[in-house]
2 protein chains.
Amino acid sequence: MTTAGDTYPITPRNRVRREPTRGSYDHASVHAILDAAMLCHVSYVLDGQPFCTPTLHWREGEMLYWHGSSACRMIRHLAVGAPACPTVSHLDGLVMARSAFHHTVNYRAAMCFGTAHPVSDPAEKLHALRGMVERFYPGRFDALRPVTAQEIKATGVIAMRIEDASAKARTGGVGPAPEDEGHPVWAGVIPVTTRIGADLPCPRMGRPLPRGGDLSRYPAGGELGQALTELQRLYQG
Amino acid sequence: MTTAGDTYPITPRNRVRREPTRGSYDHASVHAILDAAMLCHVSYVLDGQPFCTPTLHWREGEMLYWHGSSACRMIRHLAVGAPACPTVSHLDGLVMARSAFHHTVNYRAAMCFGTAHPVSDPAEKLHALRGMVERFYPGRFDALRPVTAQEIKATGVIAMRIEDASAKARTGGVGPAPEDEGHPVWAGVIPVTTRIGADLPCPRMGRPLPRGGDLSRYPAGGELGQALTELQRLYQG
């Protein structure tokens, strides 16, 4: 649970320098952005070379988890414990001003900092794998064909306690700009949303099976971020 | 223009290790993923600390450009020329298998590697700023209130020639898994798409203005990635 009022320390690495009025450091703002997404991008360094890898993430309190094969470069590298920066961002709209300079986008972004470690203890790993399913599809884990020891071994999970983080967001319409007012060009916002489509059942179901309560939160036409936010609330409730 | 058959060199940093059959190195595959998005995530290193910053990007041939204020940390850091890894990813669907192990997502991701430099020459910077508008909104730049020298100075643009890159994608339904077949749980794919919404005109337009041909590619209900792909074709045609 997020305790109201909790904030991350402001450090040189998470301080919002550009447009600081758009930044915030409270846990609730950062969590809301993380929880509305399924994918994050993780930055890490290997021999001075930065890598940016997209992967599935989920959260339990201040612990962020993300997925990767135990064979992949990121997992092998992070296995020793390494600084990482997972970031989640949402594009919410194209903001079309009357000047090039004031064009922008509406967005929400959370940058997190910490030291990433592989989850290697088998019990902890099983807990994490269950979380990876249950956080998105409540009740599904126990309905699935049970996991094997070999599968647990072959799945890589990384855990990182969020040490500091920042949230940054822009919302609303075209900002007021005295030097632009009256310029005769269309101005406004074109919203962007991530939508859930109609499901495509696997043709290899021997008999028709109900979609199941675990998927009821993904209605066709629904907004993915809203579904994921509600599901996180169920998971951490 | 992309020349058919061009491929990036395969190097230790871009070689796809995990699920190599999902990887490709041809320019066309990488460009298609970059061009279908407005936002990328850029990884860079500052004193050993990795950062992952979301920003607007656009492409001209093998040059990738991204936006940032000249005041921001990323721009100041990259000003000296620094290794960077911009990545673009698209979430296309949730793949719900009959076992936890085979759950996955459909996605497209492109990771690019190179040395990032700020665009500082004023003529080159004006070209880049024009590109930042025209690539997304063809014909709009000249219709806007003209840019000032101060605005050009205040806008940071980073350019990076793509030295090597990889594309990785998963498409299709639940993969065949003999050990899972017949397990009585719903399986299938829930597609995800990024959609354009109905525009919200700025209330400060003195008289009604037409939305303009530059925005005709963003129809309400349309798929953003498709619009951006077509617009890139117009821009680089």
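Let us look at the structure shown here. Here the residue index of a chain counts from 1 through its sequence in written order. Both sets of labels track the order of writing: A upward for chains, 1 upward for ligands. In view of the model being predicted, local features appear only for residues whose pLDDT reaches at least 70, and side-chain atom pairs are presented and counted only at 80 or more, with totals across whole chains, interfaces and linings using the full set of residues. To get the side-chain values, take all heavy atoms of the structure and skip hydrogens and water.

**Notes on the relation of the copies chain B and chain A**
Reasoning step 1: We place the copies in one frame by least squares, fitting the C-alpha atoms of every residue whose pLDDT is at least 70 in both. Least-squares fitting of chain B to chain A yields an RMSD of 0.0 Å, with the transformation described by 0.0 Å of translation along the axis and a rotation of 180°. One copy is carried onto the other by what is essentially a two-fold rotation axis. Closest approach to the rotation axis within chain B is made by the C-alpha atom of T194 of chain B, at a distance of 2.2 Å.

**Remarks on unusual backbone geometry**
All names here are of chain B.
Reasoning step 1: Positive phi is not limited to glycine here, since E19 has a value of about 50°.
Reasoning step 2: Under the scheme applied here, a residue whose accessible area is under 20% of the maximum for its type counts as buried, over 50% as exposed, and between as partly exposed, the area being computed with a 1.4 Å probe on protein chains only. Classification of E19 by relative accessible area gives partly exposed; the value is 28%.
Reasoning step 3: The backbone of D47 sits at a positive phi, close to 55°, despite the residue not being glycine.
Reasoning step 4: Runs of E in the DSSP output that reach at least two residues are strands. Runs of H or I that reach at least four are helices, and both are numbered from the N terminus. For D47, the position within the fold is in the loop between β2 (39-46) and β3 (49-60).
Reasoning step 5: Residue D47 is classed as exposed on the basis of its relative accessible area of 80%.

**Regarding the interface of chain B and chain A**
Reasoning step 1: In this description, contact between two residues means that some pair of their heavy atoms is separated by no more than 4.5 Å. Contacts between the two partners involve 89 residues from chain B, matched on the other side by 88 residues from chain A.
Reasoning step 2: Buried area: the sum, over both parts, of the accessible surface (1.4 Å probe) that disappears when the two are put together. Here chain B and chain A share an interface that buries about 7600 Å² over both sides, 64% of which is from carbon and sulfur atoms.
Reasoning step 3: Of all residues in chain B, R145, W186 and R204 of chain B bury the most surface against chain A, accounting for 10% of the area lost on that side.
Reasoning step 4: Definition used for salt bridges: Asp or Glu carboxyl oxygen within 4 Å of a side-chain nitrogen of Lys or Arg. Counting across the chain B and chain A interface gives six salt bridges.
Reasoning step 5: For R204 of chain A, the salt bridge identified is with E181 of chain B, shortest N-O distance 3.1 Å.

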